[in-house]
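# A structural walkthrough
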Amino acid sequence: MAPSSFPTSRGHARPVVAASLLSLCALTLGACGSSEPETASDGSGSSGTTTHVTDATGTKVDVPAEPKRVLALSEMDLDSALVLGVEPVGLTAGRGQKGAPAYLAEQAKGIPVVGAVTGPDIEKVVQAKPDVILAGQMADEQVLAQLRTIAPTVVTIDGTKDWKKSLELTGRTLGKANEAAKFLAGYDAKAAALKADLGAQAGASVSVARYSAKGTAVMQQGVFISDVLKDLGFTRPGIQNDKGEGHSTPLSDENLQEIDGDWLFIGTLDAGADAHLLTELSKKPAYQQLGAVKEKHATAVDGSKWTSLGGGQAALSVLDDIRKAMVK
């Protein structure tokens with residue numbers, strides 16, 4: 001469900017003709033300037049005003065050494081920026097959300113929305129006057145070309161969607177490499193402590209799914225939550241051991257055995273529905289047959305952090321959820 005590129009229809013990432021884009025750039029007071037960035041004279045890869053980073057696509061990008069106006073075009077970029085103490089000047093709405101993901105809503109309160117998971121609104125991007133754009137996993141070359149005329153643009157998520165690698169790259173981009181390293185060390189320590197405290201549940205089979213009006217979808221390998229569960233040494237049932245073709249894989253009620261592990265964590269993208277989710281699912285015959293449901297090892301979670309793109313804050317919060325559910 002996580003597209004590898006952003007469509008340019010329905011008002012998002014609309015193609016912008018040269019004359020129109022130049023007119024918009026004038027509003028940014030030079031953000032789209034054509035002057036060449038300063039380069040380092042000592043071979044260190046940075047100067048007083050500019051630092052050079054290689055983004056997730058291998059593209060070398062010159063960015064301000066101390067960016068002041070950071071635009072976050074993915075949920076993971078927003079999470080990473082906030083982890084590093086940077087409040088973006090604009091964000092794209094989270095999956096299934098009207099604004100920031102539910103778990104970041106309070107921290108991101110007041111930050112303008114400049115697009116959705118389907119892509120950014122170029123006019124709103126220009127109006128935000130960014131000096132650096134964090135472009136998530138964007139692969140649409142037309143949109144990237146437009147963004148690069150507005151401000152230095154860094155694709156922060158590679159094909160692995162590894163949140164740790166993305167945070168490290170974002171740290172280098174924002175001049176916060178030390179802060180990123182400190183956060184990751186703290187996460188590793190917290191994950192190790194939880195793993196030690198699991199006791200008899202260490203190595204348990206853990207399933208993660210998302211429920212919506214369309215039915216059940218399971219989280220396979222190659223997504224954020226699977227990486228967190230791997231850090232804790234959990235096993236996964238059924239097709240959750242395999243890499244999925246998209247962000248999540250739909251399952252029919254007849255195939256729910258694919259989520260029948262020792263423990264089930266299931267959520268929605270509607271925070272208001274999570275409180276009653278297990279009650280509703282327990283009425284369905286297909287769910288009544290699951291071992292985790294019978295053993296009362298099923299837990300409703302916030303799908304905006306567990307079953308979406310994720311990030312550092314999401315990872316720490318997931319550890320808290322697992323501790324609460326599994327450590328007695």
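In this text, all values refer to a predicted model and were calculated from it rather than measured experimentally.

The rules we used
Residues numbered from 1 in each chain as written. Predicted model: local features only at pLDDT ≥ 70, side-chain atom pairs only at ≥ 80, totals over all residues. Heavy atoms only, no water. Helix = DSSP H or I, 4+ residues; strand = E, 2+ residues; numbered from the N terminus. Buried < 20%, exposed > 50% of the residue type's maximum accessible area, 1.4 Å probe, protein only. Contact = heavy atoms within 4.5 Å. Areas by Shrake-Rupley, 256 points an atom, 1.4 Å probe, with all protein chains shown as cover. Axes fitted to C-alpha atoms, helices over the stretch in contact; angles between N-to-C directions. Parallel < 35°, antiparallel > 145°, perpendicular 65-115°, else oblique. Nonpolar A, V, L, I, M, F, W, Y, C, P; charged D, E, K, R; others polar.

Of the regular secondary structure elements, the chain holds 12 helices and 13 strands. Looking at the 328 residues of the chain, the share that counts as buried comes to 49%. Look at the contacts in the chain between residues 6 or more apart in sequence, and 65% of them connect residues 24 or more apart. For the chain, the accessible area works out to roughly 14,700 Å², and carbon and sulfur atoms hold 52% of it.

Let us look at the packing of helix H2 (residues 75–83) against helix H12 (residues 312–326). Across the interface, H2 lies against H12 with an axial gap of 7 Å and an inter-helix angle of 85 degrees. The pairing of H2 with H12 is recorded here as roughly perpendicular in orientation. On H12, the residues that touch Asp79, Leu82 and Val83 of H2 are Gly312, Gln313 and Ala314. Considering only residue class, the contact of H2 with H12 consists of 3 nonpolar, 2 polar and 1 charged.

So, on to the environment of Glu295. Relative to the helices and strands, Glu295 resides in the loop between helix H10 (291–294) and strand S13 (298–302). The exposed category is assigned to Glu295, whose relative accessible area is 54%. Note: C-alpha distance between Glu295 and Trp263 (32 residues apart in sequence) is 8.8 Å.

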